[in-house]
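# Architecture and fold: a report
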Amino acid sequence: MKILVPIKRVVDYNVKVRVKSDNTDVDLSNLKMSINPFCEIAVEEAVRLKEAGVASEVIAVSIGEKACQEQIRTALALGADRGIQIETDAQPQPLAIAKMLAKVVDAEQPQIVLMGKQTIDGDNNQTGQMLAALTNMPQGTFASEVKVDGDKVEVTREVDGGLVTVALNLPAVITTDLRLNEPRYASLPNIMKAKRKPIAVQTPEELGVEISNSLDVLKVEEPAARSAGVMVESVDELIEKLRTTAKVI
Amino acid sequence: MTILVIAEHNNDALKTDTHKVVAAAAAIGGDIDVLVAGANCGAVAEQAAKLTGVSKVLVADNACYEHQLAENLGLLVADLGKGYSHILAAASTTGKNFLPRSAALLDVAQISDIIRVDSADTFARPFYAGNAIATVKSNDSIKVITVRTSAFDSVEETGSASVESIDNAQDAGISSYVRSELTVSERPELGSARVIISGGRGMQNGDNFKMLEEVADKLGAGVGASRAAVDAGFVPNDMQVGQTGKIVAPELYVAVGISGAIQHLAGMKDSKVIVAINKDPEAPIFQVADFGLEADLFEAIPELNSKL
Ligand SMILES: Cc1cc2nc3c(=O)[nH]c(=O)nc-3n(C[C@H](O)[C@H](O)[C@H](O)COP(=O)(O)OP(=O)(O)OC[C@H]3O[C@@H](n4cnc5c(N)ncnc54)[C@H](O)[C@@H]3O)c2cc1C
Ligand SMILES: Nc1ncnc2c1ncn2[C@@H]1O[C@H](COP(=O)(O)O)[C@@H](O)[C@H]1O
């Protein structure tokens, strides 16, 4: 079976972004960019399914500017077999991304689409669910365990109250949570090998998807800053402050 | 303009998340209907009918909605939602699961995690782990929205809405519920707790969380954790506070043995009062703390417990 893994290039999770002074957007110039951590977990899970003999091919797909080929290369170095880049500078929103991914699903016919539950830039947490709806696939979101069993997959999901397990007919969309696995480091030979793996480049026009974003960003601001606090010297002083200054206990 | 709010419940009781989503709906303005989809969920519908500002409660009582499976609920909400100007759900793991499905079926965007309503089409939402707030305007005919419940106050229960059954249940037939392991706790849920005390990697193991639980019981607090504490297996996943865990804004948040990574701060920095207890004076958590105590938690927490 084929597994399709959609991945996104995002600012590295260790970087704290700043808002541009004209309040139009955040300033990403010269910041370190990486594969979205949840997407990296998705790649790892797909590669493990291949190593376990469940999957036969892992395809990484990314939609974005030319530079997102770097993140496709990362996925290839982690063990994906080939890549697809859908090249656009238009910064499509989740619905448009899902529509393009649906076309790729149409063409590739994967049995599982493994993707991140959320991008750490947009924090949308939508694309997997939208793709599942558009392709009429079931979905296992926020997965912490994935077990393929014949023509079904059992997914254990991290939910607000604990864990819930669902059984999904294949093909299905699965979105990853943090505890699904710990991604490996790419070895140097694998990084070298990844350079020779193919990346096919397509355009939204070729897929027949028109990118129309229906949300306009009017402004981007820094969140309200917290006023500076104080250090207390002892537990007694802490209790005193909480009782009489803050009046919260 | 009529707004559809999807109730959050467990078939027996309405969750206070719904009270907060109705508050967001009221800020948008217009009539408010609430959908209760579940199985044997009549009691929930009665509770929803009391929410202030709600004019009508729609009940879809069918076995296929018992476990809030996204495939089934997504279809129902997309179908019903066609007649509404806005569809709102809590940004809980339930709302995040089914609502984007409904949005895609309606061919409209979803606006995730709103924290403010500016007008019927303009909303504020955090992104980049809360390091930036975007004001977004929707040009869609139906606005599909998840609400960050920590940013809204619950509506009262002074209403008496009509309750109506709807009967267009569709089981998509592509997914099924297998089992759940839900955490049972006597303590308040993180989403509604007035006080939260959270532990991080500094707690060293799960047993040591008992120290925090004792303090929590004295303060009527909920107990949370950092991702590091959850990953290390000290405590279950549903205790994780942060960008990708629970977003909380209690009156008092006490962070114990937590360094204050941006992903953790994203989940708690809107708390009214923040206390940090950490032995490292350079820990970034002190930059957001109202009261910082540089101390070894294994001394400070027992002392705090004995003096409360
Ligand atoms: C995609 C992604 C999403 C993430 N989402 C989240 C999230 O939702 N929530 C979250 O919390 N994290 C999240 N993280 C992880 C985050 O980056 C940090 O790794 C994590 O928050 C660190 O947890 P910690 O503060 O408990 O551990 P550490 O950073 O290891 O800090 C432990 C602290 O304990 C202190 N300490 C140790 N011993 C003692 C003692 N005896 N007394 C007092 N203090 C002591 C130390 O000084 C230190 O400051 C995410 C990361 C990624 C990549
Ligand atoms: N530009 C993109 N290209 C490929 N996959 C994407 C893209 N944007 C989002 N995704 C996928 O959708 C997931 C959820 O993203 P989001 O809904 O934006 O939070 C990500 O983890 C990716 O797997």
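Residues numbered from 1 in each chain as written. Chains lettered and ligands numbered in written order. Predicted model: local features only at pLDDT ≥ 70, side-chain atom pairs only at ≥ 80, totals over all residues. Heavy atoms only, no water.

## Regarding the side chain of N131(B)
How we decide: Only DSSP runs of H or I reaching four residues or more are called helices, and only runs of E reaching two or more are called strands; each is numbered from the N terminus. Relative accessibility decides the category of a residue: with a 1.4 Å probe and only protein chains considered, values under 20% of the type maximum give buried, values over 50% give exposed, and everything between is partly exposed. Note on contacts: a residue pair is in contact if any heavy atoms of the two residues lie within 4.5 Å.
Here N131(B) shows up in the loop between β7 (122-127) and β8 (132-138). Residue classification places N131(B) among the buried residues on the basis of a relative accessible area of 8%. Leave out the neighbours within four places in its chain, and N131(B) touches K16(A), V17(A), V19(A), E222(A), P223(A) and I262(B).

## Some thoughts on the nonpolar core
The tendency in soluble globular proteins is for nonpolar side chains to be buried side by side. The test is simple: Here, nonpolar core refers to any group of buried Ala, Val, Leu, Ile, Met, Phe, Trp, Tyr and Cys residues whose side-chain atoms link them within 4.5 Å.
Core analysis: the biggest nonpolar cluster contains 50 residues, and L131(A), L35(B) and I87(B) have the highest contact counts within it. With 9 residues, helix α3 (residues 94-108) of chain A is the single largest residue contributor to this core. Ignoring anything within four residues of it in the chain, the contact list for L35(B) reads L4(B), V5(B), I6(B), A7(B), L58(B), A60(B), L76(B), V77(B), L80(B) and I166(B). Counting 45 residues, the second largest nonpolar core, distinct from the first, contains A23(B), I32(B), A45(B) and V136(B).

## Remarks on the site of ligand 1
Using the following cut-off: Think of it this way: one heavy atom of a residue within 4 Å of a molecule or strand is enough to make that residue near it. Think of a polar contact as two N or O atoms within 3.5 Å of one another; within protein, one of them needs to be a possible hydrogen donor and the other a possible acceptor, and neighboring residues in sequence only count if both atoms come from side chains. Exposure was quantified through the Shrake-Rupley algorithm and a 1.4 Å probe, taking into account, for residues, occlusion by the shown protein chains and nothing else.
Looking at ligand 1, there are 30 residues lining it, with R201(B), S226(B), S259(B), Q263(B) and N278(B) nearest. Ligand 1 sits at the junction of chains A and B, each of which supplies nearby residues. H264(B) places a polar side-chain atom, nitrogen or oxygen, 2.8 Å from an oxygen atom of ligand 1. Contact between ligand 1 and L297(B): a nitrogen atom at 2.8 Å from a main-chain N or O atom of the residue. In the complex, the protein chains occlude 86% of the 990 Å² of accessible area that ligand 1 would expose alone.

## Quick look at the state of the cysteines
Rules: By convention in this document, the label disulfide applies to cysteine sulfur atom pairs within 2.5 Å.
Under the definition given, this model contains 0 disulfides over all chains. With no disulfide of its own, C68(A) has C39(A) as its nearest cysteine by sulfur position, at a separation of 11 Å. The thiol of C41(B) is unpaired, and the distance to the nearest cysteine sulfur, on C64(B), comes to 11 Å. The buried category is assigned to C41(B), whose relative accessible area is 0%.

## Details of the interface of chain A and chain B
Condition: When two parts are brought into contact, each loses some accessible area as probed by a 1.4 Å sphere; the total of that loss over both is the buried area. The working definition used for a salt bridge is a side-chain nitrogen of Lys or Arg within 4 Å of a carboxyl oxygen of Asp or Glu. Amino acids are sorted into nonpolar (Ala, Val, Leu, Ile, Met, Phe, Trp, Tyr, Cys and Pro), charged (Asp, Glu, Lys and Arg) and polar (every other residue, Gly among them). Two strands make a pair as long as DSSP finds a minimum of two bridges between them.
With 74 residues of chain A in contact, the opposing surface of chain B contributes 82 residues. Across the chain A to chain B interface the summed buried area is about 6700 Å²; carbon plus sulfur atoms make up 55%. Between the two partners, chain A and chain B, sit 5 salt bridges. Applying the counting rule to chain A against chain B returns 45 residue pairs in polar contact (both at pLDDT 80 or more). For the side of chain A that touches chain B, the secondary structure elements donating two or more residues are α3, α4 (127-134), β9 (139-149), β10 (152-159), β11 (162-169), β14 (215-221), β15 (230-232) and α7 (235-245) of chain A. Per-element tally for the side of chain A that touches chain B: the top contributor is β11(A), with 8 residues. Tallied by class, the residues present in the side of chain A that touches chain B amount to 39 nonpolar, 16 polar and 19 charged. In this sheet, strand β11 (residues 175-182) of chain B lies alongside β11(A) in antiparallel orientation, the contact comprising 7 bridges. Bridge pairing links G162(A) to L182(B) in β11(B).

## Details of the site of ligand 2
All names here are of chain A. Close to ligand 2 lie 17 residues; P6, I63, T119, N125 and T127 are nearest. The backbone of Q126 places a nitrogen or oxygen atom 2.9 Å from an oxygen atom of ligand 2. Burial of ligand 2 by the protein chains amounts to 98% of its free accessible area of 480 Å². Elements with a minimum of two residues in the shell around ligand 2: β6 (57-64) and β8 (112-116). Broken down by element, the shell around ligand 2 gets its largest block of residues, 3 residues, from β6. Taken together, the residues of the shell around ligand 2 break down into 7 nonpolar, 9 polar and 1 charged.

## Section: the environment of A169(B)
All names here are of chain B. Here A169 is to be found in the loop between β10 (162-165) and β11. Sequence-wise, A169 and C64 are 105 residues apart; in three dimensions their C-alpha atoms are separated by 7.6 Å. Leaving out residues up to four positions away in the same chain, A169 has contacts with N62, C64 and Y65.

## Brief notes about the packing of aromatic side chains
For clarity, the cut-off: Note on aromatic contacts: the rings of Phe and Tyr and the six-membered ring of Trp form a pair at centre separations within 6.5 Å, being stacked when their planes are under 30 degrees apart, edge-to-face when over 60 apart, and tilted otherwise. Charge-over-ring placement is defined geometrically: NZ (Lys) or CZ (Arg) within 6 Å of the ring centre, and within 35 degrees of the ring normal.
Per the counting criterion, the structure on display carries 2 aromatic pairs over all chains. The aromatic ring of F142(A) is capped on one face by K117(A), whose charged end is 5.6 Å from the ring centroid.

## Focus on empty space enclosed by the protein
Our working rule: Only protein atoms enter the calculation, which uses a 1 Å grid: trapped sets of points that fit a 1.4 Å probe without letting it out are cavities, open sets showing protein on both sides within 12 Å along at least five of seven lines are pockets, and any residue with an atom within 4 Å of a point is a lining residue. Grid points are joined across faces, edges and corners, and a volume is the space filled by probe spheres set on the points.
Applying the stated rule across the entire model yields 2 cavities of 30 Å³ or more. Approximately 200 Å³ is the volume found for the largest cavity. Taken together, 19 residues line the largest cavity, and the ones lying closest to its centre are Q118(A), D123(A), D113(B), R148(B) and Q243(B). Looking at the lining of the largest cavity, the elements that each hand over two or more residues are β5 (110-114) and β7 of chain B. Per-class residue counts for the lining of the largest cavity are 6 nonpolar, 8 polar and 5 charged. There is about 60 Å³ of room inside the second largest cavity. Among the elements of the structure, α7 of chain A together with α5 (209-219) and β14 (252-256) of chain B are those that each provide at least two residues to the lining of the second largest cavity. Residue classes in the lining of the second largest cavity are distributed as 10 nonpolar, no polar and no charged.

Everything listed is a geometric property; what it means functionally is a separate question.
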